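# Breakdown of the fold
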Amino acid sequence: MGARLIARLLVPNRGEIAVRIARSCREMGIVSILACAEDDRATAFARAFDEVVSLGEGDARETYLNVAKIIEAARESRADAIHPGYGFLSERKALAVACEEAGVIFVGPRPDAIELMGSKSASRALMEKLGVPVVPGYSGEDHSDSTLIRESERVGFPLLVKASAGGGGKGMKIVSCPEELPLAIESGRREALKAFGDDRLLIEKYLERPRHVEFQVFGDGEGNVIHLFERDCSIQRRHQKIIEESPAPSFSDELRARMADAAVRAAAGVRYRGAGTVEFILGRDGSFYFLEMNTRLQVEHPVTEMVLGVDLVRAQIEVAQGHPLPWGQDELKQRGHAIECRIYAEDPDNGFLPQTGEVAHYREPSGAGIRVDSGIDAGSVVSVKYDPLLSKLIAHAETRELAIARLGRALDEYRILGTRTNLPYLRRIVKHEAWGRGEVGTHFVAEHEADLTPRPVEGAAEIAAVIAASSVNAPARGGGRRALASVWDTVGDFSR
Ligand code: ADP
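Note that the structure is a prediction, hence the values are computed from the model and not measured.

In the segment running from Phe157 into Pro158, the intervening peptide bond is cis, with an omega of 0 degrees. Residue placement: Pro158 occurs in the loop between α6 (145–155) and β7 (159–163). With omega at -5 degrees, the peptide bond leading from Ser246 into Pro247 counts as cis. With respect to the helices, strands and loops of the structure, Pro247 is situated in the loop between β12 (240–246) and α8 (253–268).

Okay, here's the thing in C-alpha cells:
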C-alpha cells in the first residue's frame, strides 16, 4: 500500500493529551482539529488547536464516547485521520472499524488487535501460545462462579479477581482466603458490568510486593516490531500509576533484554501497527509475567520520549500514513533518566478522592530538563464529569539522582490553587529516602503511608489564613474555602 497523506487530523479527546497531539501536528504541518463537548469549547486545551468542532451537549457517553458523532465530526471538518489519544474510545474496536468504513485513517492498530488485546483472557491465551509467561491463574471460557471457585484451589491464595475487559484497576479484588472468594466474585462482577458492560472475570495468583515494568513497542503492521525500552510504573495508588520512570531502577541489562524480547514477541504475534505497550509484573525473584497490552499511547509516554529523544505522536502519525518505522532498533539508545509525576485533582489524605473546582492560580515550573504536559490554565474548571488528571511533570537529567533533584525542585515551583491537588503528596514521595534509593514496588504507597501522611505544622494555619485571605480578596472566582485548602497544602508542605 502506498503512503496516504494526512493533512487534517481530528482529536476526539480533551485535556493534556489533546494538547500533546496538537503540538506534534503543528510541527508536522498538519491542521489539528479538536472534537469536543460543547462546554469544552472555551478551554485552555481547545486553544491549542487550529480548529474546533463540537460533539454537542451532554456527558461523555453522548460526546467523547459517541462513535457516530465523532465520525460525523470528522466528515464535517474534512479530517483525513483520527487520533484517539488515550482513554475514551482509544481502545474500542468500534471506533477503528467506523473509521475504516468512513475512509478515515485511524491512528492506531488494526481493529482485530484492539479487540484481542482488549480482553485480558484472550490476550493471556495468545501469550501462552507465543511462549510469553503469564501470571499463573485461570482465564478459560467458562466464567461461572463454580468454575472460578474450583480453579482458585489450584491457583492458591492470595489471588486476584480481575475483570476480563478490565482497565484502571476496576473490578480488581484481592482475595486472601477461600471464604472471601464468593463476595469478591460478586462485587467484581458488579463493578466490571458497570464499568465495561461485561461481567466476565478471571483469577490470577497475587504476587507479593512486585514491580510494574512495561515496554513501549512500535510495529509497522507488516510484522516488523521494535521496542523503545522500559518504564517502571510501580508507584501506584489503588492499582493506578502516579510516578513513572525510565530506565527502571535496579534493573540488569540481562533482564531488560529478556523482557524486551518477550514484549516484541507479544506485539509481533498480532502484527501490531503503531504504538503499544506491553505491561509486565515483575516478581522479587526476577520472574516476570505478561499483564496486558495497551493498544494506544500511554499517559506515561513522555519519559520514553525524553530518554530516547523521540516524538512518539509523530511516529504514530507517520506509521498511520503507511511509512516505515522511523527508527531501527540499533538507533535507539537510553540516555540519562526521566521521571514523570501525574498531577491529579484529588485528596491523598482522604482516600485519593477526586476533587473539583476552578483553578484560581496556575504557575508551571520550567528550566533545564523540565517538561510539563498540561491541559489547564487559570480559570479551568475541574468537574466530576471527567478524569481528574490535570497535567504531568517530567524531569530528565543525566542520572536518576539528578533527575530526582530536578523533579523535586520543579514540584516545589509548581503552583495550582483553587482545587486540592496531589502536589504536596508527590513532593513527599520524591523526597522519600527509600524511593530515592530505588526501592520501588507497587506497595510503596501503602508501606510508607505513615511517612507520606502530612503532619500539622505550628504556625502554618495562620500563614495559610493570611495568604488565603489575600487570594480570596483578589478577583479570583475559585471560592474561598477551596483556595484555603490548596494554600494550606502548599504552606503545610513547605514549612516542614
Ligand atoms: P488494569 O487493566 O485494571 O489497570 P492491570 O492488570 O494492568 O489492571 O493491573 C494494574 C495493577 O494491579 C498492576 O500494575 C499491579 O500493581 C497490580 N496487579 C495486577 N495483577 C497483579 C498480580 N497478579 N499480582 C499483584 N499485583 C497485580
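Next, the rest of the story.
To continue, consider the packing of helix α2 (residues 67–76) against helix α3 (residues 93–102). Contact pair α2 / α3: the axes reach a minimum separation of 10 Å and the direction vectors enclose 35 degrees. Crossing geometry of α2 relative to α3 is assigned as right-handed. Between α2, through Val67, Ile70, Ile71 and Arg75, and α3, the contact on the second element is made entirely by Ala94, Leu95, Ala98, Cys99 and Ala102. Of the residues that constitute the contact of α2 with α3, the class distribution is eight nonpolar, no polar and one charged.

Next up on the list: the site of the ligand. Lining the immediate surroundings of the ligand are 22 residues, of which Lys120, Lys162, Gly169, His212 and Gln236 lie closest. Side-chain polar atom of Gln236 to an oxygen atom of the ligand: 2.6 Å apart, as the coordinates give it. For the ligand, an oxygen atom lies 3.2 Å from a polar atom in the side chain of Glu279. Among the elements of the structure, β7, β9 (201–205), β13 (273–282) and β14 (288–294) are those that each provide at least two residues to the shell around the ligand. Of the residues that constitute the shell around the ligand, the class distribution is eight nonpolar, eight polar and six charged.

What follows concerns the side chain of His448. Structurally, His448 is set in the loop between α14 (444–447) and α15 (449–452). Here His448 falls in the buried class, since its relative accessible area comes to 17%. The residues contacting His448, other than those within four sequence positions of it, are His432 and Ala434.

Turning our attention to α3. Along α3, the positions that sit buried rather than exposed are Leu95, Ala96, Ala98 and Cys99. The arc that holds the buried residues of α3, viewed along the axis, is 165 degrees, so those residues lie on one side. Facing away from the buried side of α3 by more than 90 degrees, the exposed set consists of Glu100 and Glu101. Where α3 is buried, its residues meet α2, β4 (81–82), β5 (105–106) and α4 (111–118). Once α3 ends, the next one or two residues include Gly103, with phi positive near 70 degrees.

Turning to the sheet that holds strand β2 (residues 31–36), a few remarks are in order. Across a sheet, paired strands are connected by hydrogen bonds in the backbone, their directions being either parallel or antiparallel. Read from one edge to the other, the open sheet built from five strands follows the order β3-β2-β1-β4-β5, with strand pairing classed as parallel. Of all the strands in the sheet, the pair left with one neighbour each is β3 (51–54) and β5. Pairing analysis gives four bridges linking β2 to β3, with the strands arranged parallel. Across the sheet, the residue bridging to Leu34 is Val52, located in β3. In the packing of helix α1 (residues 15–28) onto the sheet, contacts are made with β1 (8–11) and β2, and the angle to β1 comes to roughly 175 degrees.

Summed over the entire model, instances satisfying the criterion amount to 44 salt bridges. Lys162 is the salt-bridge partner of Glu204, the closest N and O atoms lying 3.0 Å from each other. In this pair, Glu204 is assigned in strand β9 and Lys162 in strand β7, connecting sequence segments 42 residues apart. Here Glu204 falls in the buried class, since its relative accessible area comes to 3%. Using a relative accessible area of 4% as the deciding quantity, one classes Lys162 as buried. Between Arg371 and Glu305 there is a salt bridge, and its shortest N-O distance comes to 2.8 Å.

Our next topic: the sheet that holds strand β11 (residues 225–237). Strand order in this open sheet of eight strands is β14-β13-β10-β11-β12-β15-β22-β20, and the pairing throughout is antiparallel. At either margin of the open sheet sits one strand with a lone partner, and together these are β14 and β20 (370–374). Sheet twist, expressed as the mean angle between neighbouring strand axes with direction ignored, is 25 degrees. Note: strand β10 (residues 211–220) against β13, ten bridges, orientation antiparallel. What sits directly across from Arg211, in β13, is Leu282. Where α8 meets the sheet, it contacts β10, β11, β13 and β14, and its direction lies at approximately 110 degrees from that of β11. Sheet strands in contact with helix α10 (residues 312–320) are β10, β11 and β13, and its direction is about 35 degrees off that of β10.

Take Arg427: it is sitting in helix α12 (residues 423–430). For Arg427 and Leu390, which are 37 residues apart along the polypeptide, the C-alpha to C-alpha distance reads 16 Å.

By size, the foremost hydrophobic cluster in this structure holds 104 residues, and its most contacted members are Leu9, Leu10, Phe218, Ile429 and Trp435. Lining this core are residues from two domains, each supplying at least three of them: domain 1 (8–107) and domain 3 (211–452). Leave out the neighbours within four places in its chain, and Leu9 touches Ile21, Cys25, Ile30, Val31, Ser32, Ile33, Ala81, His83, Val107 and Ile317. Residues Ala113, Ala248, Met259 and Ala262 belong to the second largest nonpolar core, which totals 27 residues.

Rules of the game
- Residues numbered from 1 in each chain as written.
- Predicted model: local features only at pLDDT ≥ 70, side-chain atom pairs only at ≥ 80, totals over all residues.
- Heavy atoms only, no water.
- Helix = DSSP H or I, 4+ residues; strand = E, 2+ residues; numbered from the N terminus.
- Axes fitted to C-alpha atoms, helices over the stretch in contact; angles between N-to-C directions.
- Left-handed = near helix turned anticlockwise from the far one by under 90°.
- Contact = heavy atoms within 4.5 Å.
- Nonpolar A, V, L, I, M, F, W, Y, C, P; charged D, E, K, R; others polar.
- Near = heavy atom within 4 Å.
- Polar contact = N/O pair within 3.5 Å; in protein donor to acceptor, adjacent residues only side chain to side chain.
- Buried < 20%, exposed > 50% of the residue type's maximum accessible area, 1.4 Å probe, protein only.
- Arc of directions from axis to C-beta.
- Pairing = 2+ DSSP bridges.
- Salt bridge = Lys/Arg side-chain N within 4 Å of Asp/Glu carboxyl O.
- Core = buried A, V, L, I, M, F, W, Y, C linked by side-chain atoms within 4.5 Å.
- Domains from an automatic or database assignment.

Geometric values such as these leave the question of function open.
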